[in-house]
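Examination of the molecular architecture
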Amino acid sequence: MKRVITYGTFDLLHYGHINLLQRAKKYGDYLIVALSTDEFNWNEKHKKCYFSYEERKHLLEAIRYVDLVIPEENWEQKLSDVKEYHVDTFVMGDDWEGKFDFLKEFCDVVYLTRTPEISTTQIKQDLQK
Ligand code: C2G
């Protein structure tokens, strides 16, 4: 079984996220999503989520490409996650290009193109018009 992992906040969930998850799943048979906790988002990413961790987890678990959702609690857990979950491929959007190349000695590292023209920031701005 080929295992894939990706990380993110996924709030507000949109088709750019779905595109990423759909393409990430193609690299294996089992896709793990490490979902940023509310605390991690607030303290480290300075993001205030609209949906709570549990609500975002519920949404992700309903997506056919996702097999497991685990909490992302800090920036440093990626290597231990790769080892603990026997990950073959680490996937992120290319806005993170190069940032996780240190994992290359432990697994494949793939950066996928972001879906243009959609972001949570854009959604919030459009809703205020
Ligand atoms: N994404 C995408 N296209 C978009 C928006 C997002 O492909 N239009 C991808 C991002 O590149 C990322 C994933 O969807 O791979 C999740 O995006 P975010 O929830 O914004 O995640 P981020 O805040 O980048 O957190 O430790 C890594 C971080 O947790 C990543």
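Values in this document were obtained by computation on a predicted structure and should not be read as measured data. (Residues numbered from 1 in each chain as written. Predicted model: local features only at pLDDT ≥ 70, side-chain atom pairs only at ≥ 80, totals over all residues. Heavy atoms only, no water.)

**A closer look at the overall build of the protein chain**
Helix and strand content of the protein chain: five helices and five strands. Along the protein chain, from the amino end to the carboxyl end, the secondary structure elements read β-α-β-α-α-β-α-β-β-α. By its C-alpha atoms, the protein chain is 45 × 30 × 25 Å across when sized along the principal axes. Scored against the burial criterion, the 129 residues of the protein chain give a buried share of 47%. The long-range share in the protein chain, meaning contacts at least 24 apart out of those at least 6 apart in sequence, stands at 63%. Accessible surface for the protein chain amounts to roughly 7,500 Å². Of this, 51% is attributable to carbon and sulfur atoms. Taking the average location of the 18 positive side-chain charges in the protein chain and that of its 23 negative ones, the two points are 4 Å from each other. (Helix = DSSP H or I, 4+ residues; strand = E, 2+ residues; numbered from the N terminus. Buried < 20%, exposed > 50% of the residue type's maximum accessible area, 1.4 Å probe, protein only. Contact = heavy atoms within 4.5 Å. Areas by Shrake-Rupley, 256 points an atom, 1.4 Å probe, with all protein chains shown as cover. Lys, Arg positive; Asp, Glu negative; His and termini not counted. Charge placed at Lys NZ, Arg CZ, Asp CG, Glu CD.)

**Considerations on the environment of E72**
Inspection of the secondary structure puts E72 in strand β3 (residues 68-72). Of the residues examined, E72 reaches a relative accessible area of 2% and is grouped as buried. Sequence separation of E72 and G8 is 64 residues, and the distance between their C-alpha atoms is 8.0 Å. When residues no more than four places from it in sequence are discounted, the contact partners of E72 are Y7, G8, A34, L35, S36, T37, F40, K45, Q77 and K78.

**Overview of the packing of aromatic side chains**
By the definition in use, this model includes six aromatic pairs. The structure contains a cluster of three or more aromatic residues connected by ring pairs, namely Y7, F40, W75, F90, W96 and F100. For K78, the ring lying beneath its charged end belongs to Y7, and the centroid distance is 4.8 Å. (Phe/Tyr/Trp six-rings, centres within 6.5 Å; stacked < 30°, edge-to-face > 60°. Lys NZ or Arg CZ within 6 Å of the ring centre and 35° of its normal.)

**Concerning unusual backbone geometry**
In the segment running from D11 into L12, the intervening peptide bond is cis, with an omega of -20 degrees. Its location among the elements puts L12 in the loop between β1 (3-8) and α1 (15-25). Backbone geometry places H46, a non-glycine residue, at a positive phi of 50 degrees. Its identity is not glycine, yet H86 carries a phi of approximately 50 degrees, on the positive side. Inspection of the secondary structure puts H86 in the loop between α4 (78-84) and β4 (89-93). Under the relative-accessibility criterion, H86 is labelled exposed at 58%.

**Structural notes on helix α3 (residues 53-61)**
One full turn of an α-helix is made of 3.6 residues, so residues set three or four places apart face in the same direction. For α3, every residue scored as buried is listed here: Y53, R56, K57 and L60. Across the axial projection of α3, the buried residues extend over an arc of 100 degrees, all falling on one side. For α3, exposure combined with an orientation more than 90 degrees from the buried face picks out E54 and H58. In this structure, the buried side of α3 is in contact with α1, β2 (30-36), α2 (38-44) and β3. (Arc of directions from axis to C-beta.)

**With respect to the side chain of N41**
Tracing the backbone through its elements, the reader meets N41 in helix α2. Overall, N41 belongs to the buried group, its relative accessible area being 0%.

**Brief notes about the site of the ligand**
Not every one of the 21 residues close to the ligand is listed here, only the nearest: K47, E72, K78, D95 and I118. At 2.6 Å, a side-chain N or O of E72 approaches an oxygen atom of the ligand. Contact with the protein chains removes 95% of the 630 Å² of surface that the ligand exposes when unbound. Elements supplying a minimum of two residues to the shell around the ligand: β1, α1 and β4. A total of three residues in the shell around the ligand trace back to one element, the largest contributor, which is α1. When its residues are assigned to classes, the shell around the ligand shows seven nonpolar, eight polar and six charged. (Near = heavy atom within 4 Å. Polar contact = N/O pair within 3.5 Å; in protein donor to acceptor, adjacent residues only side chain to side chain. Nonpolar A, V, L, I, M, F, W, Y, C, P; charged D, E, K, R; others polar.)

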